[in-house]
Amino acid sequence: MALSPIGGVGGIGAAQLAQAYRQQALAASSASDAATRAAAAGSVDAGTAARGADFASAIGQGLQQVQNLDQSAATKAVQAATGNLTDIHDYVITATKAQTATELTTTVRNKAMDAFNEIMRMPL
Amino acid sequence: MFGDASIDVLSAALGGLAARQRAVSDDIANVNTPYYRAKSVAFEGELSQAVASGADPASVTPTVAQSTAPVGLTYSNVDLNAETITSVNTQLAYDLALRATGDRFSLLRTAAKGA
Amino acid sequence: MSAVFEALGISGSGMEVHQAWMDAISDNLANVNTVRPTSQAAFQARYVVAAGVEDGSTGLGVTETGIALGDPNGRLVYSPQHPMADSKGYVRLPDIDLGEQMSTMIMAQRGYQANISNVDRVKETYQAAIQMGRG
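Residues numbered from 1 in each chain as written. Chains lettered and ligands numbered in written order. Predicted model: local features only at pLDDT ≥ 70, side-chain atom pairs only at ≥ 80, totals over all residues. Heavy atoms only, no water.

**Comments concerning the overall build of chain C**
Alright, step 1. When helices and strands are counted, chain C shows two helices and five strands.
Alright, step 2. Counting from the amino terminus, chain C carries its helices and strands in the arrangement α-β-β-β-β-β-α.
Alright, step 3. C-alpha extents for chain C along the principal axes are approximately 85 × 25 × 20 Å.
Alright, step 4. Counting only residues that meet the buried cut, chain C has 33% of its 135 residues in that class.
Alright, step 5. In chain C, of all internal contacts separated by at least 6 residues, the share reaching a separation of at least 24 is 58%. (Helix = DSSP H or I, 4+ residues; strand = E, 2+ residues; numbered from the N terminus. Buried < 20%, exposed > 50% of the residue type's maximum accessible area, 1.4 Å probe, protein only. Contact = heavy atoms within 4.5 Å.)

In structure tokens form, the structure reads like this:
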């Protein structure tokens, strides 16, 4: 199953990001299954390595988005402190976005790590 | 990430707002004191400049100015309406700055816990 | 001052102007029977002139642009025993209608109270926004 890199186009929501991560994680782990069997049979699927790299770059893009949200939240916080904020919900919404995105990305990364560890523990 | 400047700016703002709240309380207490001049606290302008020029926000100290409206033997120059509005405004701004400071720290904590 | 809580300043301006209005009406009522000789102008009623502060969008409140004075001629009342009466026995009393002043006082008071309760409502709104998405 061919995996496509996530993101690249601006405006992808965090929920869709999470959805796509889940699908890719499942696909990656099922691809790893096939790879393990193939390795046991003596041959390694070269495509698996490429899919692994796609997943890593997807995580990387998610982290970049979190970084950007964190930066906007910090800027808005400074504006609020110096009295230059126009609307209060401006700051609150940005801060909530940053918080949620951080929690989401952290959880997704943890799940990915757990999935990876589980795969590695599989007896061959 | 503790080099995050926003926490220092927020901390300076909280100090300025607390000073303003004290000034308002003093004014309201002295609303009937003869010859009493109302006080006002300014810090936002200086803080904005410090942020723009990259200076240390902790160097910004709030400045207290006295109102030049007339005073007399039977009256101070405290404008009770204006002081009430300032008090509400300052309290809300303080809540907002506290919230913002809390948010910065909880972001750090979320990232730290996940590790 | 934090511009983000602008609605507070706007209500504050409403409170200032209505207070000035109440002060003017109180002054008129206090002087409703102030007698002056016919050689001088009568006590003139004070009217607060207010104008909206425009900023091209939602406005910035109200401001007092001046005080208008009432009729300087007042009412001529025949009162020959009065120490200030002129040769014909008349004195000047202000042209202030007690009933009209009392009803405008009620309007001014209502306006002042409306601005005060608006401050409370606006404060609740901002507080709710600050608590949004917490925890």
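**Examining the confidence of the model for chain B**
Alright, step 1. Confidence in the prediction of chain B, expressed as mean pLDDT, is 89, and 96% of residues score 70 or more.
Alright, step 2. The lowest-confidence element of chain B is helix α3 (residues 80–114) of chain B, averaging 89 in pLDDT; the highest-confidence one is strand β1 (residues 39–42) of chain B, averaging 93. (pLDDT = per-residue confidence, 0-100.)

**A look at the interface of chain C and chain B**
Alright, step 1. Between chain C and chain B, the contact holds 20 residues from the first and 16 residues from the second.
Alright, step 2. Carbon and sulfur atoms supply 61% of the area that chain C and chain B bury against each other, a total of about 1600 Å² over both sides.
Alright, step 3. Taken together, chain C and chain B are joined by four residue pairs in polar contact (both at pLDDT 80 or more).
Alright, step 4. Element by element, the count of residues in the side of chain C that touches chain B is highest for helix α2 (residues 98–131) of chain C, at eight residues.
Alright, step 5. A per-class count over the side of chain C that touches chain B returns ten nonpolar, seven polar and three charged. (Buried area = accessible area lost by both parts, 1.4 Å probe. Polar contact = N/O pair within 3.5 Å; in protein donor to acceptor, adjacent residues only side chain to side chain. Nonpolar A, V, L, I, M, F, W, Y, C, P; charged D, E, K, R; others polar.)

**A look at the sheet that holds strand β5 (residues 90–93) of chain C**
Residue and element names in this part refer to chain C.
Alright, step 1. Read from one edge of the open sheet, three strands run β1-β5-β4, paired in antiparallel fashion. Each edge of the open sheet is held by one strand with a lone partner, namely β1 (36–37) and β4 (75–78).
Alright, step 2. Where β4 meets β5, four bridges bridge the pair, whose relative direction is antiparallel. Paired with R75 across the two strands is L93, which belongs to β5. (Pairing = 2+ DSSP bridges.)

**Examining the pattern of salt bridges**
Alright, step 1. Following the criterion strictly, the structure yields five salt bridges over all chains and no others.
Alright, step 2. Taking the shortest distance from any N to any O, the salt bridge between R104(B) and D70(A) comes out at 3.0 Å. Taken as a pair, R104(B) in helix α3 and D70(A) in helix α2 (residues 46–81) lie in two separate chains rather than in one. Per residue, the accessibility class of R104(B) equals that of D70(A), and both read buried.
Alright, step 3. Linking E44(B) and R20(B) is a salt bridge whose minimum nitrogen-to-oxygen distance equals 3.0 Å. Linking E44(B) in helix α2 (residues 44–53) with R20(B) in helix α1 (residues 5–29), this pair joins segments that are 24 residues apart in sequence.
Alright, step 4. Residue classification places E44(B) among the buried residues on the basis of a relative accessible area of 11%.
Alright, step 5. Residue R20(B) is classed as buried on the basis of its relative accessible area, which comes to 5%. (Salt bridge = Lys/Arg side-chain N within 4 Å of Asp/Glu carboxyl O.)

**Considering the packing of aromatic side chains**
Residues and elements named next belong to chain C.
Alright, step 1. For the coordinates displayed, the defined rule picks out two aromatic pairs over all chains.
Alright, step 2. A centroid spacing of 4.8 Å and a plane angle of 70° characterise the contact between F5 and Y126, whose relative ring orientation is edge-to-face. Residue F5 is located in the segment before α1 (6–30), and its partner Y126 is located in helix α2; the two are separated by 121 residues in the primary sequence. Y126 carries the same exposure label as F5, and that label is buried.
Alright, step 3. Here Y78 and Y90 contribute two aromatic rings whose centre-to-centre distance is 5.4 Å and whose plane-to-plane angle is 65°, an arrangement assigned as edge-to-face. On the criterion of sequence distance, the pair formed by Y78 in strand β4 and Y90 in strand β5 is long-range, its members being twelve residues apart.
Alright, step 4. On the basis of relative accessible area, Y78 is assigned to the exposed category, the value being 54%. (Phe/Tyr/Trp six-rings, centres within 6.5 Å; stacked < 30°, edge-to-face > 60°.)

**Concerning the side chain of Q101(C)**
Residues and elements named next belong to chain C.
Alright, step 1. Relative to the helices and strands, Q101 is located in helix α2.
Alright, step 2. Using a relative accessible area of 2% as the deciding quantity, one classes Q101 as buried.
Alright, step 3. Only 3.1 Å separates the side chain of Q101 from the side chain of N28, close enough to count as a polar contact.

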